[in-house]
Amino acid sequence: MSLLYIIAFLLLIIATHQLLRIIELSRSLKKSKEWEVKDSDNDTMGKSLLLFMFLFFGFFFWQMYQWNDKALPPTASEHGEKVDALLEYNFYLIIFVFLVTNTFLFYFAYKYRGRKNQKALYYAHNNKLEMLWTIIPASALAFIITYGLLYWNEITEESKAKDKVLVELYAKQFDWTARFAGKDGKLGSTDYRQISGSNAVGMDTNDVAGNDDILVKNEIYLPVNKEIVLEMRSRDVIHSAFLPHFRAQMNCVPGMVTTFKFKPTKTTEEMRKDPYVINLMKGINAAREKRGEEPIEFDYTLLCNKICGASHYNMGMIIKIVSEKEYNEWISKQKPFKTVAQK
Amino acid sequence: METNTIHTANTLHDEHVHTHAHHHHDDEHHESFITKYVFSQDHKTISRQFLITAMVMAVVAMVMSIVFRLQLAWPGEKFAFIEWVMGDKWGKDGILDPNAYLALVTIHGTIMVFFLLTGGLSGTFSNLLIPYQCGARDMASGFLNMLSYWFFFVSSVIMLVSLFIKDGAASAGWTIYPPLSALPEAIPGSKLGMTLWLVSMTLFVVSSLLGGLNYIVTVINLRTKGMKMTRLPLTIWAFLITAILGVLSFPVLVSCVVLLIMDRSFGTSFYLSDIYIGGRPLDNVGGSPILFEHLFWFLGHPEVYIVLLPALGITSEIISTMSRKPIFGYRAMIGSMLAIGFLSFIVWGHHMYVTGMNPFLGSVFVFTTLLIAIPSAVKAFNYITTLWKGNLQMSPAMLFSIGLVSSFITGGVTGIILADSTLDITYHDTYFVVAHFHIVMGLSAVFGMFAGVYHWFPKLFLRMMNKKLGYLHFWLTFLAAYGVFFPMHFLGTAGVPRRYYTNSAFPMFDDLADINVIITVSAIIGALAQLIFLFNFFYSMFRGEKAPQNPWGSNTLEWTNPVAHIHGNWPGPLPVVHRWPYDYSKPGAEKDFIPQTVPLAEGEADEGGHHH
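Residues numbered from 1 in each chain as written. Chains lettered and ligands numbered in written order. Predicted model: local features only at pLDDT ≥ 70, side-chain atom pairs only at ≥ 80, totals over all residues. Heavy atoms only, no water.

**A look at the overall build of chain B**
We count it as follows: Only DSSP runs of H or I with at least four residues qualify as helices, and only runs of E with at least two residues qualify as strands; both kinds are numbered from the N terminus onward. The globule rule is 2.2 Å times the number of residues to the power 0.38, and the radius of gyration it is compared with is taken over C-alpha atoms. We call a residue buried when its accessible area falls under 20% of the maximum for its residue type, exposed when it is over 50%, and partly exposed in between, using a 1.4 Å probe and counting protein chains only. In short, Shrake-Rupley with a 1.4 Å probe defines the accessible areas, and a residue's cover is counted only from the protein chains shown. Counting rule applied: Lys, Arg positive; Asp, Glu negative; His and chain ends not counted. For the purpose of locating charges, the reference atoms are NZ of Lys, CZ of Arg, CG of Asp and CD of Glu.
Helix and strand counts for chain B come out as 19 helices and two strands. For a compact globule of 612 residues, the expected C-alpha radius of gyration is about 25 Å, and chain B comes in at 25 Å, within 12% of that figure. Projected onto its principal axes, the C-alpha positions of chain B cover 80 × 50 × 50 Å. Expressed as a percentage of the 612 residues in chain B, the buried residues total 70%. A total of about 18,500 Å² of accessible surface is found on chain B, and carbon and sulfur atoms cover 69% of it. Across chain B, 32 positive and 37 negative side-chain charges occur, with their mean positions spaced 6 Å apart.

Written out as structure tokens, the structure reads:
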């Protein structure tokens, strides 16, 4: 079989070689220069570039039409509203620039495609024009920078809320553990040297503040409309706590504690009734059905978003946003660290 | 002239050498095969060595991308191709191993960024064009230049060798953030694979520094008579600024890498602290991975422009020549490149908004990063204005140059979103980023490199490339490239993180399979299109039509010497320059180009000199 392949391959090479010889001979007879760009080439390529522009824009709008409703649902956090508003403004701006400048580029390529008696305009510079297209981008950017920084400062400043929920997200290869502060509202201190089978997140067992801390894996509950302050740690390598539905993300870095705060505005149930989400899930469940998988319901998800090893792609946790009452019921059912450790 | 001794370009400059120069090409056959083709100190040979080595590396990186794209489009599906490429161990039964997947994306990135678009792009065109377009006999130091190539070669070999070792190649991503890259327990690729990666990159930096210093010295000292800085072609300006960026930033990468080697092998704690792995706590305390990120990106961001600027220089030259029109805003183009070069050193933190770096520091970087959009916009507008009212000659090089302007804009605008720390929170490390940098940096630089190869092939190999195959190559590449990277924005807006072995672990990404299929099919078409280029390249190298002296009607000096590879570049005295390089279609001139060697007519103004 492989001999057959080799023979076929050799024949192909011989045939190509012969073909090339014929082309070379006929070219040398005609004395034509193949490489020379002729007016007919300019014409074909100029028109092709214009055609490409239409295809390109067509492809762009087709993608918008096809896939825009697969984007992340409208935000479910307070600061996310501002992020999304700024994002929308930015998208309008860049899509406008993208369309206009590409249009000029490809239209000029078509319009001024080379022709024999056409003479190019000797036009080396124009200070006014160049000033204009320095100032316009600069002012558009000034606007973006101002709003961006305003929001960034709000998002990253320390939490001032009195009534907040403090949660630690502890990352390790390849899962998440959430630690709730418990009744005293304080997270116990930690010591990585004390990590063991029964002390997976390295609680400092000498610190009594940690006794009532609550450790949860796989799925956690958080109350709606309350500020959630996340503190993040990692056991081994850098991970990233990515909560796309809340427009929240922060790396988890070994040796330090990083933070991110957000206030969820919609419960999981409310989100499941959102028309955008209903449509999104319809698509997802149709795709699942095709593959013979069970339909699912929408859930907020925490993902790892910094390369962390072989199972980086499979390191998540489900987050249920519920009413404060449901949250209190849920948390009261969880066992504090001390009880679990003594078992 | 005695030939087997090595002349630096400086001695060749001396007048008494000129008097002998007219018969020195008779001596060329005295060079042995080894000194002419292997350990050559001639900039033209070194340029070709860089180009071909980089092409070999690029093919490896491209095949890798096809393997992981197959996995991403059809996870769990069995492909004989994957088994064939990856072997029994990493592609058992045609299914890609998750660790091997990470190794592939890591090495794909490393090769494309460093070996193709830094070593390959600068190595090929700075070497070819700096002596030619400045009017020099060769690089300032031919010997260091030769060393530069051989360090690059050894570094390439080590990188390739690392693909075949037992535990696999480095797999912590091309940015090799510790602790993942520091701890062999964390991932198999951080065993010997990472050591080889670090050794290879250190040698790479040596190569880059030797090359860069040479480029700078040559441009500053060896310009021929009349070649004022304001008469330099934009290619040379771009290579000069690129070399300066490299010389200033690459040493920081070495420090970054050396500290990592110390942490890995000698028990230091520069980047490590409070780690529990492999069932035990490590002793390292007090280090920080954030330090690594600062050091890495202090190189890493200028690196983006080290990749991009040569491509922009090349296309400036080609767009002007093939539009038969002066480049619009010559000085603004130089100013923009200088501004981009300067700003590129103070924007690195935009890679680190959500790493735990102080948010206030983040806001400073938002400001500087968005500033860089201004000179970039000026460049894009100036390109477009150069096309306006031109007489565009659509060679394959011109098409790729127009392609570059398009990808530079299309990829550039999404940078405005990512530069904004507030918006980066959602898009950081998603496919939106992958789309952005592949289009603005990857495609632009690759298009610039293709444009350069088509345009200067006559100077590289004294023959012409086939135009029709060039057209076919351009169109397939251009269409496929946008087919690969445009849809990735939509994966990003859906929140898909990068470097995921498969998206099937999270139901929220279940409906995105179609997008991944479109991307992979485009990638396969794009990869096959490169076979056309490879065929055209090697075929034309041996059997292409003989090049005429000045096929594109160019003004620059490299087209004034005979169609031959002469040691010393010009058979007689060096050409003398009288004007800037962009006198295309100047009113009153007989032809639509006036080479730089033509003296100014009486009362004629030189755009490259002072004006207004």
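**Description of the packing of aromatic side chains**
Under the convention used in this document: Geometry of aromatic contacts follows a simple scheme: Phe, Tyr and Trp rings, the Trp one being its six-membered ring, pair when their centres are within 6.5 Å, and the pair is stacked under 30 degrees between planes, edge-to-face over 60, tilted otherwise. Criterion for a charge above a ring: Arg CZ or Lys NZ at most 6 Å from the ring centre, at most 35 degrees from the ring normal.
Tallied over the full model, the rule gives 93 aromatic pairs over all chains. An angle of 45° between the planes, with centres 4.9 Å apart, marks the rings of Phe143 of chain A and Tyr147 of chain A as tilted. Taken together, the residues Phe143 of chain A and Tyr147 of chain A, both in helix 4 (residues 127–156) and four residues apart, mark about one turn of the helix. By relative accessible area, Phe143 of chain A is classed as partly exposed at 38%. Ring centres of Tyr101 of chain B and Tyr501 of chain B lie 5.8 Å apart, and the angle between their planes is 75°; this geometry places the pair in the edge-to-face category. With Tyr101 of chain B in helix 6 (residues 98–134) and Tyr501 of chain B in the loop between helix 18 (488–493) and helix 19 (513–543), this residue pair connects regions lying 400 residues apart in the sequence. Its relative accessible area of 1% is what places Tyr101 of chain B among the buried residues. In this structure Tyr501 of chain B comes out as buried when scored by relative accessible area, which is 10%. Seen from the ring of Tyr132 of chain B, Lys459 of chain B lies directly overhead, with NZ or CZ sitting 5.1 Å from the centre.

**Remarks on the pattern of salt bridges**
To keep it simple, the criterion reads: Whenever a carboxyl oxygen of Asp or Glu lies within 4 Å of a side-chain nitrogen of Lys or Arg, that contact is scored as a salt bridge.
In the structure shown here, the tally under the stated rule is 36 salt bridges over all chains. Of the charged contacts in the structure, one is a salt bridge between Lys467 of chain B and Asp41 of chain A, with a shortest N-O distance of 2.5 Å. One end of the pair, Lys467 of chain B, is in helix 17 (residues 467–485); the other, Asp41 of chain A, is in helix 2 (residues 39–67), on a second chain. Assessed through its relative accessible area of 12%, Asp41 of chain A is described here as buried. Ionic pairing is found between Asp84 of chain A and Arg247 of chain A, a salt bridge with its closest N-O pair at 2.8 Å.

**Quick look at the interface of chain B and chain A**
In many analyses, interface size is given as the accessible surface area lost on bringing the parts together. Spelled out, the test is: Residue contacts are defined here by distance: any two heavy atoms, one from each residue, within 4.5 Å place the two residues in contact. Reported buried area values correspond to the accessible surface (1.4 Å probe) lost by two parts on association, with both partners' losses combined. Definition of a polar contact: a pair of N or O atoms within 3.5 Å, with one able to donate and the other able to accept a hydrogen when the atoms are protein atoms, and with sequence-neighbouring residues admitted only if both atoms are side-chain atoms. Classes in brief: Ala, Val, Leu, Ile, Met, Phe, Trp, Tyr, Cys and Pro nonpolar; Asp, Glu, Lys and Arg charged; the others, Gly included, polar.
Facing 136 residues of chain B, the contacting portion of chain A comprises 118 residues. Both sides together, the interface formed by chain B and chain A hides about 11,100 Å², and carbon and sulfur atoms give 69% of it. Of all residues in chain B, Tyr276, Ile425 and Glu545 of chain B bury the most surface against chain A, accounting for 6% of the area lost on that side. Remark: the boundary between chain B and chain A carries five salt bridges. Our enumeration of links across chain B and chain A arrives at 35 residue pairs in polar contact (both at pLDDT 80 or more). The dominant element in the side of chain B that touches chain A, judged by the number of residues it contributes, is helix 14 (residues 396–419) of chain B, at ten residues. Of the residues in the side of chain B that touches chain A, the class split is 83 nonpolar, 33 polar and 20 charged.

**Some thoughts on the sheet that holds strand 8 (residues 258–262) of chain A**
All names here are of chain A. Put simply, the test is: At least two DSSP bridges between two strands are needed for those strands to be called paired. In this analysis, axes come from line fits to C-alpha atoms, helices being fitted only over the stretch in contact, and the angle between any two N-to-C directions falls in the range 0 to 180 degrees.
Ordered in space as 3-2-1-5-8, the five strands form an open sheet in which the pairing is mixed. The two strands at the open ends of the sheet, each matched to only one other strand, are strand 3 (214–217) and strand 8. For this sheet the average axis-to-axis angle between neighbouring strands, irrespective of direction, equals 25°. The pairing of strand 1 (residues 164–172) with strand 2 (residues 175–180) spans six bridges and is classified as antiparallel. Bridge pairing in strand 2 places Ala171 opposite Trp176. Running at roughly 100° to strand 2, helix 7 (residues 324–333) makes contact with strand 1, strand 2 and strand 3 of the sheet.

**Digging into the domain arrangement of chain A**
Residues and elements named next belong to chain A. Note the cut-off: Segmentation into domains, and thus their bounds, comes from an automatic or database assignment.
According to the domain assignment, chain A contains domain 1 (39–114 + 125–156) and domain 2 (164–342). Here the C-alpha centroids of domain 1 and domain 2 sit 37 Å apart. Contact with domain 1, which involves 18 residues of that partner, is made by 18 residues of domain 2. Where domain 1 abuts domain 2, roughly 1,600 Å² becomes buried across the two surfaces, and 53% of that area is made up of carbon and sulfur atoms. If you sort the residues of domain 1 by the area they bury against domain 2, Leu72, Pro73 and Ala76 come out on top, with a joint share of 35%. Linking domain 1 with domain 2 are two salt bridges, by the criterion used here. Lys263 is the salt-bridge partner of Glu78, the closest N and O atoms lying 3.9 Å from each other. Linking domain 1 to domain 2 there are 15 residue pairs in polar contact (both at pLDDT 80 or more). Elements that contribute at least two residues to the side of domain 1 that touches domain 2 include exactly helix 3 (78–111) and helix 4.

**Considerations on a nonpolar patch on the surface**
All names here are of chain A. Put simply, the rule is: What makes a patch is a set of residues exposed beyond 30% relative accessible area and free of salt bridges, joined within 9 Å when like-charged and within 5 Å when nonpolar (Val, Leu, Ile, Met, Phe, Trp, Tyr).
There is a patch of nonpolar side chains on the surface, built from Ile6, Phe9, Leu10, Leu12 and Ile13 and spanning about 510 Å² of accessible area. In this structure, Ile13 sits in helix 1 (residues 2–30). Relative accessible area serves as the criterion here: at 44%, Ile13 is assigned to the partly exposed category.

**With respect to helix 3 of chain A**
Selection rule: To estimate how far a helix should extend, the number of its residues minus one is multiplied by 1.5 Å.
Its 34 residues give helix 3 of chain A an end-to-end C-alpha distance of 50 Å, which sits within 8% of 50 Å, the value for a rise of 1.5 Å per residue. A distance of 3.2 Å separates the backbone nitrogen of Gly80 of chain A from a side-chain oxygen at the start of helix 3 of chain A, and that oxygen is part of Ser77 of chain A.

**Observations regarding the pairing of strand 10 (residues 316–322) of chain A**
Residue and element names in this part refer to chain A. Most of strand 10 sits inside the fold, with five of its seven residues counted as buried. Note: strand 4 (residues 219–223) against strand 10, five bridges, orientation parallel. Residue pairing across strands places Glu219 opposite Ile318, the latter belonging to strand 10.

**Describing unusual backbone geometry**
Note that the residue after Gln173 of chain A, namely Phe174 of chain A, is joined by a cis bond; omega there is -5°. Summarising the element assignment, Phe174 of chain A is placed in the loop between strand 1 and strand 2. With an omega of 0°, the peptide bond between Pro178 of chain B and Pro179 of chain B qualifies as cis. Checked against the element boundaries, Pro179 of chain B lands in the loop between helix 7 (142–161) and helix 8 (192–221). Phi is positive for Asp93 of chain B, close to 55°, though the residue is something other than glycine. By secondary structure assignment, the location of Asp93 of chain B is in the loop between helix 5 (80–90) and helix 6. Unlike most non-glycine residues, Leu462 of chain B shows phi in positive territory, near 65°. Take Leu462 of chain B: it is sitting in the loop between helix 16 (431–461) and helix 17. On the accessibility criterion, Leu462 of chain B (23% relative accessible area) is partly exposed.

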